[in-house]
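Working through the structure, step by step
Each chain, written out:
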Amino acid sequence: MFRSFFMSRQWFFWAWLGSALILSVTWYKVQLDVQINEWFGSFFDMVQKALGTPGAVTLESYLGEMSTFLQIAGLYIVIAVVLEFFVRHFIFRWRQAMNDFYMAHWHLVRDVEGAAQRVQEDTMRFARIMEGLGVLFMRSLMTLAAFIPLLWGLSEKVTELPWIGPVPHSMVFVALLSAAFGTVLLAVVGIKLPGLEFQNQKVEAAYRKELVYGEDHADRATPQTVAELFAQVRKNYFRLFFHYLYFDVAKWSYLQATVLVPYIALGPTVVSGTITLGVMQQITRAFDRVESSFQFLVNSWSTIIELISIYKRLAAFEQRIRIARAAAPVAAA
């Protein structure tokens, strides 16, 4: 899954230079987001001034702030579109490298259960998930690198936390604890899901394989056989649905509750009137970026579960390739 792309001379430029380009452009996007966060502070301070003192802000100044935002946002859009286009090509080259490796050893593992599915569907799903999950993970790390210092400095304006009192740089710790709680919660609640997803792919592969045989052989895919295989598919899906039911209850309850976390933490500071509306906007937006980045596992847990099951299938497939290659000289002898 990895050596075929990152350890191949054929794919050297795509794998390593492409990764470097994605990292650098993603970092630049994060810096643009930081600029937008600063814009929110100055804009809402202007709004507060205009609402508190009529005539203190001219229409030209107000529209000038809008123009500044459009310039930053316009550049952000162009960078985001170009980056997404390049990432899609990067990921497809990765899939192609995997496909070429598996097909080079097809004669050794063509009899493996679901071999065709692993080469075609599993590599496609692996590439698709890595496109979204990999980029999101890099963006989360870079967002933390950019916004933690910002939130760290802004937290000096927070006077105290409810029920706790003054805590230096409190908003950073609140974001970390909130995300850590959600991550542990979902990891415990969803502990059975990776195994069920893996089993789900096995029963789906067995069902699909029998139907494929039935296309060419009249004695295969009989009604009784198909009914038995589909019953296994049905049973596993219903188990998945049940376990995802309480998993989704925990996930969505947590995510909705965290919306109020920064406002609760800022309660004493807001009621004391020690910060402006613009600073409050900067803090809550920076908090959201930091907390969302810390919540990478929470927001991506369902996708990670799917990736784990695909990884297990491809790892088992590659293990069969290694065994077959090791046994090939003995068989030939």
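Just so you know, these numbers come straight off a predicted model, no measurement behind them.

Where side chains of opposite charge bring their charged atoms close, a pairing between them can arise. The final tally for this structure, using the stated rule, is 1 salt bridge. The partner of Arg285 in a salt bridge is Asp33, and the shortest N-O contact between them spans 3.0 Å. On the criterion of sequence distance, the pair formed by Arg285 in helix 11 (residues 277–294) and Asp33 in helix 2 (residues 12–52) is long-range, its members being 252 residues apart. A relative accessible area of 14% means that Arg285 is categorised as buried.

What follows covers the environment of Phe6. Examined against the element boundaries, Phe6 turns out to sit in helix 1 (residues 3–6). Judged by relative accessible area, Phe6 falls into the buried class, the value being 18%. When the C-alpha positions of Phe6 and Trp94 are compared, they lie 8.6 Å apart, and in sequence the two are 88 residues distant. Not counting the four nearest positions on each side in its chain, Phe6 is found in contact with Ala15, Trp16, Ser19, Phe90 and Trp94.

Inspection of the secondary structure assignment puts Arg322 in helix 12 (residues 296–332). Between the C-alpha atoms of Arg322 and Gln201, which are 121 residues apart in sequence, the distance is 22 Å. A distance of 2.8 Å separates polar atoms of two side chains, one belonging to Arg322 and the other to Gln319.

Turning next to the UniProt feature "transmembrane region" (unreviewed entry) in the protein chain. Residues given the UniProt feature "transmembrane region" (unreviewed entry) here are residues 12–30, 69–87, 133–152, 172–193 and 260–280. Structurally, residues 133–152 comprises 100% helix and 0% strand, and the distance from its first C-alpha atom to its last is 27 Å.

Our next topic: the nonpolar core. One broad rule of soluble globular proteins: the nonpolar side chains tend to lie buried together. Ranked by internal contacts, the top residues of the largest apolar core, which has 44 residues, are Phe5, Trp94, Tyr102 and Phe126. Of all the secondary-structure elements, those providing two or more residues to this core are helix 1, helix 2, helix 3 (59–104), helix 5 (115–154), helix 6 (170–189), helix 7 (193–216), helix 8 (223–258) and helix 12. With 10 residues, the single largest contributor to this core is helix 12. Those residues in contact with Phe126 that lie beyond four places of it in its chain are Met1, Phe2, Trp94, Met98, Leu307, Ile310 and Leu314. Of all hydrophobic cores here, the second largest spans 24 residues; its members include Met142, Val174, Leu266 and Ala286.

What counts, and where the lines are drawn
Residues numbered from 1 in each chain as written. Predicted model: local features only at pLDDT ≥ 70, side-chain atom pairs only at ≥ 80, totals over all residues. Heavy atoms only, no water. Salt bridge = Lys/Arg side-chain N within 4 Å of Asp/Glu carboxyl O. Helix = DSSP H or I, 4+ residues; strand = E, 2+ residues; numbered from the N terminus. Buried < 20%, exposed > 50% of the residue type's maximum accessible area, 1.4 Å probe, protein only. Contact = heavy atoms within 4.5 Å. Polar contact = N/O pair within 3.5 Å; in protein donor to acceptor, adjacent residues only side chain to side chain. UniProt positions renumbered as here; feature names shortened; annotations may be inferred. Core = buried A, V, L, I, M, F, W, Y, C linked by side-chain atoms within 4.5 Å.

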